[in-house]
Amino acid sequence: MRERLGDAVYTLLVLVAAALLAFLSTRFGFSRDWSHGEGASLGAGSLAVLETLEGPVEVTSYASRQGGLRAVVADFVDRYRRAKPDLTLRFVDPDADPAAMRAAGVSVDGELELRYRDRSERLKVLSEAEFSGALLRLSRTRERIVAFLEGDGERQPLGKANADLGTFVAALGSRGVRAVPLPLAGMGKVPDNADLVVVANPQVKLDPSVAAALVAWVDGGGALLWLTEPGEDAGLDELAGALGVRVLPGTVVDGNGQAFGLSDPSFVAINTYPPSPVTQGFALTTLLPQPAALARLSDAHWAVQPLLRSSAKSWNETGHIPKAGENADTVRQDADAGEIPGPLDLAFALTRVSPRPDKREQRVVVVGDGDFLANSYLGNGGNREFGQRVFDWLLGDDAQVAVPDRSAPDRELALSQAALTLIAVLFLVALPLLLVATGMLVAWRRRRR
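Computed from a predicted model, the values in this text were never measured in an experiment.

## Comments concerning helix α2 (residues 44-52)
Right, so step 1: Of all the residues in α2, the buried ones are Ser46, Val49 and Leu50. Projected onto a plane normal to the axis of α2, the buried residues spread over an arc of 100° and lie on a single side. Pointing more than 90 degrees away from the buried face of α2 are the exposed residues Ala44 and Glu51.

Spelled out as structure tokens, the structure:
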């Protein structure tokens, strides 16, 4: 009887201890990342960004119910939620209302929208660097003023026409950027409080005073984005000379577009980028409809980095421009007409020491196309994301959260050509011969028995 009572008390004590441990586990937590390089946890830079966010962060994932994408997104966002409990995640099924998704600009399954206070930002790539970088930009409070040149038929920053930039500028507005008109013909100079001036494809030749004001803005250390087009005569030769760039004649034709499913050879698709601060880590495809090629002058006083570059199958066509459905083979490069074979540079990022005492570096971007940001083409590939990267860089908001490579070291096997040849000889020649010799030896020994 006494032994049974002792066993019962022991069992009761074990159950009480288990219940107490279960209760304490709901109040206190402990976790430890034992993965290689702590790859399953956030880096120190991301944690520092989360500490600066004073308020809730809403994350919306436009991921379909089918497949396991939602689980991947939830697991990724949960890393941030452990460090910031008021960061919430909700899912929206893009298949439930495709029309609403198109109207909202959602084009990728799993696309994320981050909202902090009155600002928001979209992400198409799920990575710690992109996610933390977006949070860093949303945390900045100072409004940036971008002045768009107007009065000479430029693309309207708030317009809704196909050629205007209204959709893109609205997205910039949600990230703390305010677009203002810049009628230089009446003002005479760029206001000192402007953070960036945008020249978006003037349709008529600018008055010499307007061009001189733009040159004065650049000479004074101002940031500039210049969008130009093939055959555009905007009277900006002096500005081009001050920047040390030249717009080549003709329209770029790229025969590599068929690999992207493009039927129009004058549409240039780019998914590999020259190394630059703007395109670092950028993996989306940018589509440029009928761009112009650019060249740099040897005597420029700028450090010039290419941002966009066509393929080796391209050239600047100065004659007949192929139309949609027309094969690029129907036109050929004519060297006698001054047509230059690719690769051709389509965008430049220019930097130099700033003449302004309050800034360390002056930045300018010149792009041989303005359609990629227009309402009708903004949703193609990574046009929106590339444009946002350009504006972030020009406005000095390009600081990326330092995320070291903490992936497993043995994910890739790098072999030299000699090693590959040795493996091929071993498995394709030596091993079959060994098997044949072994079989013949076994057969010979059996016959001798």
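Let's pick the thread back up.
## Structural notes on the pattern of salt bridges
Side chains that differ in charge, positive against negative, can pair when their charged atoms come close.
Right, so step 1: Under the definition given, this model contains 13 salt bridges.
Right, so step 2: Ionic pairing is found between Asp192 and Lys189, a salt bridge with its closest N-O pair at 3.7 Å.
Right, so step 3: Asp192 sits in the exposed class, given a relative accessible area of 63%.
Right, so step 4: Assessed through its relative accessible area of 49%, Lys189 is described here as partly exposed.
Right, so step 5: When the shortest N-O distance is used, the salt bridge between Asp345 and Arg309 registers 2.8 Å. In this pair, Asp345 sits in strand β16 (residues 345-353) while Arg309 sits in strand β14 (residues 303-309), placing the two residues 36 residues apart along the sequence.

## Some remarks on the nonpolar core
Right, so step 1: Of all hydrophobic cores here, the largest spans 41 residues; its most connected members are Leu196, Leu225, Leu308, Val365 and Phe391.
Right, so step 2: Top contributing element to this core by residue count: helix α10 (residues 383-394), with five residues.
Right, so step 3: Not counting the four nearest positions on each side in its chain, Val365 is found in contact with Leu224, Leu225, Trp226, Leu307, Phe348, Ala349, Val390, Trp393 and Leu394.
Right, so step 4: In this structure, Leu184, Ala213, Trp217 and Val304 belong to the second largest nonpolar core, which totals 33 residues.

## Things to note about unusual backbone geometry
Right, so step 1: One non-glycine residue, Arg117, lies in the positive phi region at around 55°.
Right, so step 2: Looking at where Arg117 falls in the secondary structure, it is placed in the loop between β3 (111-116) and β4 (119-123).

## Overview of the sheet that holds strand β2 (residues 87-91)
Right, so step 1: The four strands are arranged β2-β1-β3-β4 in an open sheet whose pairing can be described as mixed. Lying at the two open borders of the sheet, with one neighbouring strand each, are β2 and β4. If you compare each strand with its neighbour and ignore which way they point, the axes differ by 20° on average.
Right, so step 2: Pairing between strand β1 (residues 57-62) and β2: five bridges, direction parallel. Directly across from Ser61, in β2, lies its bridge partner Phe91.

Each value, and the rule that gives it
- Residues numbered from 1 in each chain as written.
- Predicted model: local features only at pLDDT ≥ 70, side-chain atom pairs only at ≥ 80, totals over all residues.
- Heavy atoms only, no water.
- Buried < 20%, exposed > 50% of the residue type's maximum accessible area, 1.4 Å probe, protein only.
- Helix = DSSP H or I, 4+ residues; strand = E, 2+ residues; numbered from the N terminus.
- Arc of directions from axis to C-beta.
- Salt bridge = Lys/Arg side-chain N within 4 Å of Asp/Glu carboxyl O.
- Core = buried A, V, L, I, M, F, W, Y, C linked by side-chain atoms within 4.5 Å.
- Contact = heavy atoms within 4.5 Å.
- Pairing = 2+ DSSP bridges.
- Axes fitted to C-alpha atoms, helices over the stretch in contact; angles between N-to-C directions.

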